[in-house]
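Fold and geometry: a report
Residues per chain are reported as follows:
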Amino acid sequence: YGVENGLNRITVSGPDDWIGIAATGYTYYELREALRRLGFADDADLRDSGIRLLHLRMPVPFDPELIRRFASGMSEVLVVEEKNPTLEWLFKDALYELSDRPRVFGKTHSDGSELMPSHGLLDADRILPGLRMHLASRLDARMAPLPDPPRTTIPLTSNRTPFFCSGCPHNWGTKVPDGALVGAGTGCHGMSLLMPEELVGETFGITAMGNEGAHWIGMEPFVETGHVFQNFGDGTYFHSGQLAIQAAIGAGVSITFKILYNSTVAMTGGQDATFSVGVPELAGILLAQGARKVVVTVPDPKSYDRTGLPAGVEVWDRERILDVQERLAAIDGVTVLINDQECAAELRRARRRGLVPTPSKRIVINHRICEGCGDCGDVSNCLSVQPFETGLGRKTMIDQASCNFDYSCVKGDCPAFMEVEVGYLETGGFVAPPAVDEPPAFKVAGVHPVRLAGIGGTGVVTAAQILATAAMLDGWKVEGLDQTGLSQKAGPVVSDVILVGPGGASSNLIGMGEAESLIAFDQLVGAADPVIGVCDAERTRVLVSISVVPTGAMISRPERPFPAHEAIERLTSSAAEVLAVDAQAVTIAVVGEVATTNVFMLGAAVQLGLLPVAPAAMHQAIELNGVAVQDNLAAFGWGRAWASDPASVEATMAATNGALVVPPLAAALRHGVETAVTEPELRETITSLASDLVEYQDAAYASRFLERIAELAAAVAGLSGSAELIAVAARSLHKLMAYKDEYEVARLMTMPGARAAAEAVGGPGANIRFMLHPPLLKALGLDDKLAIGDSMLGVFQGLKRGKRLRGTRFDPFGATEMRRLERELIGEFEDALAVISQGATEANLEEAIRIAGLPDMVRGYEDLKLRRAAEYRATLTTALAAFR
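Residues numbered from 1 in each chain as written. Predicted model: local features only at pLDDT ≥ 70, side-chain atom pairs only at ≥ 80, totals over all residues. Heavy atoms only, no water.

1. So, the pattern of salt bridges
Under the definition given, this model contains 46 salt bridges. Across the salt bridge formed by Asp 692 and Arg 368, the nearest N and O atoms sit 3.3 Å from each other. Of this pair, Asp 692 sits in helix α24 (residues 680–696) while Arg 368 sits in the loop between β14 (361–365) and α13 (375–380), placing them 324 residues apart in sequence. Judged by its relative accessible area of 1%, Asp 692 is buried. Take Arg 368: its relative accessible area is 8%, and that puts it in the buried class. The network of salt bridges with common partners includes Glu 33, Arg 36, Arg 37, Asp 125 and Glu 514. (Salt bridge = Lys/Arg side-chain N within 4 Å of Asp/Glu carboxyl O. Helix = DSSP H or I, 4+ residues; strand = E, 2+ residues; numbered from the N terminus. Buried < 20%, exposed > 50% of the residue type's maximum accessible area, 1.4 Å probe, protein only.)

Structure representation (structure tokens):
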């Protein structure tokens, strides 16, 4: 029988000498799940085993009398709660005066060992071991054995971690000079703890909210460092952090507070900061309190409103934020840098709501000119600057769907950037999906746990809401839990959607090995330990998108590979079935909108039977969601079509990036290729590279390339794996021989592919401006790039014909340090290929391939290329010495 007391429910069962178990909130449902796994399927099983449960739905005023009634006739009570044993103490206090009080257990067994963890999430998996151990003395024969421990898997070499949004002001605000020590704090900028130190500095500590910087007061007398920086959100400052600044001023320590003024509390959803004031008032308060110097950094100092700023407060361009910090660090005492720039997420929301106009300018990268050096990602720290692989190696593209129009990626020396004015777009709409048969029939019965896992900011939670709504329309009861955190673009987001049939029961969190289906919108998140743990190797079916989406750490680090094979191997070893699709490529090709990728995956999952929900219910849920309805319905239909016939759908996808488009090779040169190699795919690769070198210079130049490759091919013929060596060597030699001087950049700018890339973003006839920083003008003192309109294409056409002067004494650009270096690198690598040809064997072929690929280190333009070329030369010298 049951006894009701307000919102508290008591379930009473069994004979005398009870075992009582109490839990609060959602922990009660996790407790029920743990009991179910131990074999107590329902209340009848609990009654027969002498177990009584109490569900305390907090916050409700604690009722000692309820606890005494619950404990009447019990021999013991077990309290299951997260974190501190607060409820356990209240139980003991309520029962203390009873002469026949039961023993109360909570966090520890009678011998003092841990019973329930005091940290982290207290789900069924963590409740289970202690619960079984505690009940074993009386009910061991009645209980199911504990499941086998999860298999240990090799960790991924790269994991997805939260990162700043595209265009986030913290991308600039958290930069510090080399060697600086930085205090982390509460706010989105706290994600700097998860980022490479070379981007955001070395962290010396993090404290409670409002204490940021105050810990330096205690540390400063005991360390050699004389000055530190402290990141500070404006929301934290107005909440309680200003006291820490006052304390630091009073203590006389040397510290620079960096107040990242973005006008919102973005970490928890974009609320307004309480009792905030503007930047001028804030600067006045800080100076009045005793700050030695206050400087404001902004994206555009020329248009910044300086009205009300106190005397002596300087306004600097954020591009000089490192210079500002070096100046402030040289001042004894407390100094303050206010980085004033609006939150990118809030700005994006305002644009979507029509409150702020959307800029018409877009940035496009000419991938043929791009070196994939990572410099644009390094300077902007922006997630929209994404690497991708081509036949010519790693390049960089701008993800237009996530770009927030910060434009800082164009800084630097790279000539690959184009400004494109949007306004000429012809909206052709999406391609209608083909009709397909209905998916397998299902019955609304039992429990079907589904885990959705993807990247923060791509609509994982929205996909979960659509699925949950459709399931309820189909007659399922739905339990769910969205696991997110911070304002985490690029971080892992996991949503559990548990479909429960009539009479079934489940907690809202999927336990280890309990998932029926895993829909991995991203392979890295799907293969991560916290996600893959719910898979069962004999039951779980997985649908995973194999689209390569770089992590934040990969944006500025071209040498960091994407662990695609690792992710798929982990999923394959952990699930009964794994189905893979390049979801982004399909949706871009047939819908034209990458934001519909997750709905495409839902369509495929429904058609494959991974989700027991009818397509009609999904259609209705998409319409109820009310966002980009037609695009999402089309994506859902294409997902179903792919599941029914993958080959025909993938055949509609056209490769739009990375192709090396070159004219046919002359007969004599083509014969040279055919003589050198016999493997068809390798022959095609070398033919394309040689043909490109003809366009780059002339046939004699291409013949030089072919002779080196033919010599290598003849020397390593018969070695297993020689084709890979030849291919790597060919791409490396081509890279060095086709160095991007002024003539080559002009050629690549005037190629049809450049305008095609621009028009794909801006529409037919789009206005294009080439963002160039000519080395000659840079040497004369030009600090910024020039925006050159496409009306100057005639000049570039003339410049590209100057290639006949390349390397001659009449070459006006050939005497610079960079051009001399580029010519020297070609000869040095030819010598290296000769060494490989003479010494390659089966035993050292892997090392030979590594040496042949070393020129890939030489990326970028101007100063960056000089530094990397020096690193390459040192590495090549060491590697060749070892190879010899």
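2. Structural notes on the confidence of the model for the chain
With 94% of its residues at a pLDDT of 70 or more, the chain shows a mean pLDDT of 89. Looking over the chain, one finds the lowest element-wise mean pLDDT in strand β1 (residues 2–5), namely 40, and the highest in strand β21 (residues 517–520), namely 98. Across residues 1–15, where pLDDT falls below 50, the model places 43 contacts with residues more than four positions away in sequence or in other chains. Every residue in residues 424–428 is under pLDDT 50, and counting partners more than four places away or in other chains gives ten contacts. (pLDDT = per-residue confidence, 0-100. Contact = heavy atoms within 4.5 Å.)

3. Focus: the sheet that holds strand β10 (residues 255–261)
As summarised here, the arrangement of the seven strands in space is β8-β7-β9-β10-β13-β11-β12, forming an open sheet in which the pairing is parallel. Two strands bound the open sheet, and with one partner strand each, they are β8 (202–206) and β12 (314–317). Strand-to-strand twist of the sheet, defined as the mean angle between neighbouring strand axes without regard to direction, takes the value 25°. As judged from the five bridges shared by strand β11 (residues 293–298) and strand β13 (residues 334–340), these two strands associate in the parallel manner. Its bridge partner being in β13, Thr 297 is matched across the sheet by Asn 339. Of the strands in this sheet, β10, β11 and β13 are in contact with helix α10 (residues 279–289), which crosses β13 at around 175°. (Pairing = 2+ DSSP bridges. Axes fitted to C-alpha atoms, helices over the stretch in contact; angles between N-to-C directions.)

4. With respect to the packing of helix α14 (residues 460–473) against helix α20 (residues 615–625)
Put simply, α14 and α20 touch, their axes get as near as 8 Å, and they point 125° apart. Overall, the two elements α14 and α20 adopt an arrangement that is oblique. Crossing handedness for the pair α14 and α20: right-handed. On α20, the residues touching Thr 462, Ile 466, Leu 467, Thr 469, Ala 470 and Leu 473 of α14 are Ala 617, Met 618, Gln 620, Ala 621, Ile 622, Leu 624 and Asn 625. Classifying every residue of the contact of α14 with α20 by side-chain character gives nine nonpolar, four polar and no charged. (Parallel < 35°, antiparallel > 145°, perpendicular 65-115°, else oblique. Left-handed = near helix turned anticlockwise from the far one by under 90°. Nonpolar A, V, L, I, M, F, W, Y, C, P; charged D, E, K, R; others polar.)

5. What about the environment of Leu 146?
When you line up the elements, Leu 146 lands in the loop between α5 (124–139) and α6 (170–173). Since its relative accessible area comes to 40%, Leu 146 is described here as partly exposed. Remark: the alpha-carbon pair of Leu 146 and Glu 479, spanning 333 residues in sequence, is separated by 25 Å. Apart from the residues lying within four places of it in its own chain, the contact partners of Leu 146 are Leu 128, Pro 129 and Arg 132.

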